[in-house]
Amino acid sequence: MFTRFTEPATRTMVRAGMLALDAGRPTLSTDLLLLALAETRPFALDAFTATPEAVRGHVDTGDAHALLATLGIDLAEVRRRIRPGTGDPTRWRLTRSRLRPLRVTLYGPLGAIPLAMHARKAVEVAQALRRPGPVTGESLLWGLLADGSNGAARILRATGVDLCALVRETGMPVRRAA
């Protein structure tokens, strides 16, 4: 599936997968996809004002950092030393199961992580809404915002993002109620 993604969008998906695996999550969920978008910023949207720190405050990424910090261990430094190259997008792949078509899994050097239902929907919407060409960071953001029940809009609103301005800037197609 990554053949349809731009390199920055692929890096975002890989980062989301690494966050999910690091947090010990059973699936890659939309909150981690949003955090990966905030960290990698695969777009130039002025209205996307959420910082990684602000989004991280609304996302459970596990408490390994805090626990090891009390012992004087910098987990980020440990990971940099023992996992060189694991964030390389060419070493990851996103596949849909042939036997279970609703299962989409991200595979990489750190392991495999299935996408949760809402994250899978966000990726599928990104693919369906893309303008002629590959899936971009904006497309992934569209996918997250298109589903009001996945919590991404709530997190963005809580971090101070003007959602109306963001939707206008992305050019996201909006259906108006009659």
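All values derive from a computational prediction rather than experimental measurement.

A. Broad picture of the overall build of the protein. Scanning the protein from N- to C-terminus turns up 9 helices and 3 strands. Ordered by position in the sequence, the α and β elements of the protein form the string α-α-α-α-α-β-β-β-α-α-α-α. Counting across all 178 residues of the protein, residues that qualify as buried make up 43%.

B. A look at the sheet that holds strand E2 (residues 104–108). Strand order in the open sheet formed by 3 strands is E1-E2-E3, and the pairing between neighbours is antiparallel. Strands with a single pairing partner mark the edges of an open sheet, and in this sheet they are strand E1 (93–96) and strand E3 (111–114). Taking the axes of each pair of neighbouring strands and ignoring which way they run, one obtains an average angle of 25 degrees across the sheet. Judged from the 4 bridges that link them, E1 and E2 form a sheet pairing that is antiparallel. Looking at E2, one finds that Arg96 is bridged to Val104. Sitting on the sheet, helix H1 (residues 7–22) touches E1, E2 and E3, and the angle it makes with E3 is about 100 degrees.

C. Region of the structure containing the confidence of the model for the protein. Of all residues in the protein, 87% attain a pLDDT of 70 or more, and the chain-wide mean is 86. Mean pLDDT across the secondary structure elements of the protein bottoms out at helix H4 (residues 64–69), with 66, and peaks at helix H2 (residues 30–40), with 95.

D. Just the nonpolar core, in detail. Counting 48 residues, the largest nonpolar core has Phe48, Leu156 and Leu166 as its most contacted members. Broken down by secondary-structure element, the contributors of at least two residues to this core are H1, H2, E2, helix H6 (117–129), helix H7 (137–146), helix H8 (152–158) and helix H9 (163–170). In contact with Leu156, other than residues within four places in its own chain, are Leu34, Phe48, Ala50, Leu141, Leu145, Val161, Leu163 and Leu166.

E. Main features of the packing of H2 against H7. Running from N to C, H2 and H7 cross one another at 145 degrees; their axes reach a closest spacing of 11 Å. Considering the relative orientation of H2 and H7, their crossing is left-handed. Here H2 contributes Thr30, Leu33, Leu34 and Leu37 to the contact with H7, which in turn contributes Gly137, Leu140, Leu141 and Leu144. Its residues placed into classes, the contact of H2 with H7 shows 6 nonpolar, 2 polar and no charged.

F. Local environment of H1. Compared with an ideal rise of 1.5 Å per residue, which puts 16 residues at 22 Å, H1 spans 22 Å between its outermost C-alpha atoms and is within 8% of the ideal. Taken as a whole, H1 has its buried residues at Ala9, Thr10, Thr12, Met13, Val14, Ala16, Gly17, Met18, Leu19 and Ala20. Looking one or two places after H1, you find Gly24, whose phi comes out positive at around 75 degrees.

G. Broad picture of the pattern of salt bridges. On inspection of all chains with the given rule, the structure shows 7 salt bridges. When the shortest N-O distance is used, the salt bridge between Glu39 and Arg56 registers 2.3 Å. Remark: Arg56 occurs in helix H3 (residues 52–56) and Glu39 occurs in helix H2; sequence separation between them is 17 residues. Note on Glu39: relative accessible area 25%, which makes it partly exposed. We note a salt bridge from Lys121 to Asp147, for which the minimum N-O separation is 3.3 Å. Of this pair, Lys121 sits in helix H6 while Asp147 is found in the loop between H7 and H8, placing the two residues 26 residues apart along the sequence. For Lys121, a relative accessible area of 33% translates into the label partly exposed. In the salt-bridge network here, residues are joined through shared partners; they are Arg15, Glu39 and Arg56.

Conventions we followed
Residues numbered from 1 in each chain as written. Predicted model: local features only at pLDDT ≥ 70, side-chain atom pairs only at ≥ 80, totals over all residues. Heavy atoms only, no water. Helix = DSSP H or I, 4+ residues; strand = E, 2+ residues; numbered from the N terminus. Buried < 20%, exposed > 50% of the residue type's maximum accessible area, 1.4 Å probe, protein only. Pairing = 2+ DSSP bridges. Axes fitted to C-alpha atoms, helices over the stretch in contact; angles between N-to-C directions. Contact = heavy atoms within 4.5 Å. pLDDT = per-residue confidence, 0-100. Core = buried A, V, L, I, M, F, W, Y, C linked by side-chain atoms within 4.5 Å. Left-handed = near helix turned anticlockwise from the far one by under 90°. Nonpolar A, V, L, I, M, F, W, Y, C, P; charged D, E, K, R; others polar. Expected span 1.5 Å × (residues − 1). Salt bridge = Lys/Arg side-chain N within 4 Å of Asp/Glu carboxyl O.

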